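# Coordinates in review
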Amino acid sequence: MRLDNELQRDVAAELNWDASIRNEDIAVAVKEGTVTLAGSVDSYAQWYAAGRAAERVKGVRAIANDLKILIPSAKERSDPDIAHAALNALKWDTEVPEEQIKLKIVNGWITLQGDVQRQYQRDAAERVVRALTGVRGVTNAIAIRKTPTPADVKQHIRDMLKRQAEFDAENVMVEIVEHTAKLRGKVRSFAEKRDAERAAWQTPGVTTVENNLMIEVPAAVGV
């Protein structure tokens, strides 16, 4: 287990490294691996980015993001203005089926509603709106419409890796628990493991992927 003072130093360094975060008003405290971020930022996007920066540090066990969002008066926007900007942003993002998304905005807080087929569409909708000026928070209540099956996931993996002639999808076992795809078995490389996970994520209905695939390098012929 890493020492708390080491984690504090590394989280502060990660915040300083991330150019999207103005960290002059952010204080970092660590106790038994739990990171607390205190102070203020001027947008929800920075609040979110600060939390993600802390998550990237090895050894962090939990995060309490207590940062306050203090939006400068010049960037304050009314709820109708935010709604208009959000609808336009969703419309122009190619990953978002904007006709299936509904918005509710109260005091700068956006609630996303509706349903989509794939997790990446749900994630994309949230990504688009959290960067908008004047937003104070986002609740993603978008539902995943379809329930996946192991056959769905395995077919997506086959389709993604079919260019690799030696890949055998039968070596990948898929278990579905609600909307979670659990991958087990063997692949030949980290690239195959990554691509199999990406394919599982792209399966309609999958919201979580547990990638437990093992990398087994084939023995060289004639050695």
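Residues numbered from 1 in each chain as written. Predicted model: local features only at pLDDT ≥ 70, side-chain atom pairs only at ≥ 80, totals over all residues. Heavy atoms only, no water.

The next point concerns the packing of aromatic side chains. Per the stated rule, a full pass over the model turns up one aromatic pair. Judged by centre distance (5.5 Å) and plane angle (15 degrees), the rings of Tyr44 and Trp47 are stacked. One end of the pair, Tyr44, and the other, Trp47, are both in helix α2 (residues 44-55), three residues apart, so they sit about a helical turn from each other. Residue classification places Tyr44 among the buried residues on the basis of a relative accessible area of 6%. The class for Trp47 is partly exposed, based on a relative accessible area of 24%. (Phe/Tyr/Trp six-rings, centres within 6.5 Å; stacked < 30°, edge-to-face > 60°. Helix = DSSP H or I, 4+ residues; strand = E, 2+ residues; numbered from the N terminus. Buried < 20%, exposed > 50% of the residue type's maximum accessible area, 1.4 Å probe, protein only.)

Right, let's get into unusual backbone geometry. With a phi angle near 55 degrees, Asn107 is a residue other than glycine that sits in the positive phi range. Take Asn107: it is sitting in the loop between β5 (101-106) and β6 (109-116). Judged by its relative accessible area of 62%, Asn107 is exposed.

Grouped together as the largest cluster of nonpolar side chains are 40 residues, with contacts concentrated most on Val11, Leu15, Val35, Leu37, Ile110, Leu112 and Val129. Breaking this core down by element, the ones donating at least two residues are α1 (4-17), β1 (26-31), β2 (34-41), α2, α3 (79-92), β5, β6 and α4 (119-130). Here Leu112 is in contact with Ile101, Lys102, Leu103, Ala125, Glu126, Val129, Val138, Thr139, Asn140, Ala141 and Ile142, once residues within four sequence places are set aside. Val153, Val172, Ala181 and Val206 belong to the second-largest nonpolar core, a separate cluster that totals 13 residues. (Core = buried A, V, L, I, M, F, W, Y, C linked by side-chain atoms within 4.5 Å. Contact = heavy atoms within 4.5 Å.)

Inspection of the sheet shows strand β9 (residues 172-177) paired to strand β10 (residues 180-187) by six bridges, in the antiparallel sense. Paired with Met173 across the bridge in β10 is Arg184. Between the antiparallel neighbours β9 and β10 lie two residues, among them Glu178 with a positive phi of about 55 degrees. Of the strand pairs in this sheet, β10 and strand β11 (residues 208-211) are connected by four bridges, and their pairing is parallel. Directly across from Leu183, in β11, lies its bridge partner Asn211. Regarding topology, helix α6 (residues 190-201) serves as the crossover connection from β10 to the parallel β11, and that connection is right-handed. In terms of strand pairing, β10 meets strand β12 (residues 214-215) through two bridges, oriented parallel. In the strand pairing of β12, Lys186 is matched with Met214. (Pairing = 2+ DSSP bridges. Right-handed = clockwise from strand over helix to strand, strands pointing away.)

Residues spaced three or four apart along an α-helix face the same direction, because each turn holds 3.6 residues. Taking 1.5 Å of rise per residue, 12 residues should cover 16 Å, and α4 covers 17 Å from first to last C-alpha, within 8% of that figure. Turning to α4, its buried residues number three or more, namely Gln119, Gln121, Arg122, Ala124, Ala125, Glu126, Val128, Val129 and Arg130. Contact partners of the buried residues in α4: α2, α3, β6, β7 (137-140), β8 (143-144) and α6. (Expected span 1.5 Å × (residues − 1).)

Our focus in this paragraph is the pairing of β6. The pairing of β5 with β6 spans six bridges and is antiparallel. Of the residues in β6, the one forming a bridge with Ile105 is Ile110. Hairpin connection of β5 to β6: two residues between the antiparallel strands, including Asn107 at a positive phi of 55 degrees. Handedness of the crossover joining β6 and β7 through α4: right-handed. Relative to β8, β6 runs parallel, the two sharing two bridges. Its bridge partner lying in β8, Asp115 is registered against Ala143.

Helix length check: α6, at 12 residues, gives a terminal C-alpha distance of 17 Å against a target of 16 Å (1.5 Å per residue), a fit within 8%. Of the positions making up α6, those classed as buried are Glu192, Asp195, Ala196, Ala199 and Ala200. Angular distribution of buried residues about the axis of α6 spans 140 degrees; they occupy a single face of the element. (Arc of directions from axis to C-beta.)

A word on the confidence of the model for the protein. For the protein, the mean per-residue pLDDT works out to 87, and 92% of the residues sit at or above 70. Here helix α5 (residues 150-161) stands out as the element of the protein with the lowest mean pLDDT, 76, in contrast to β7, whose mean of 96 is the highest. (pLDDT = per-residue confidence, 0-100.)

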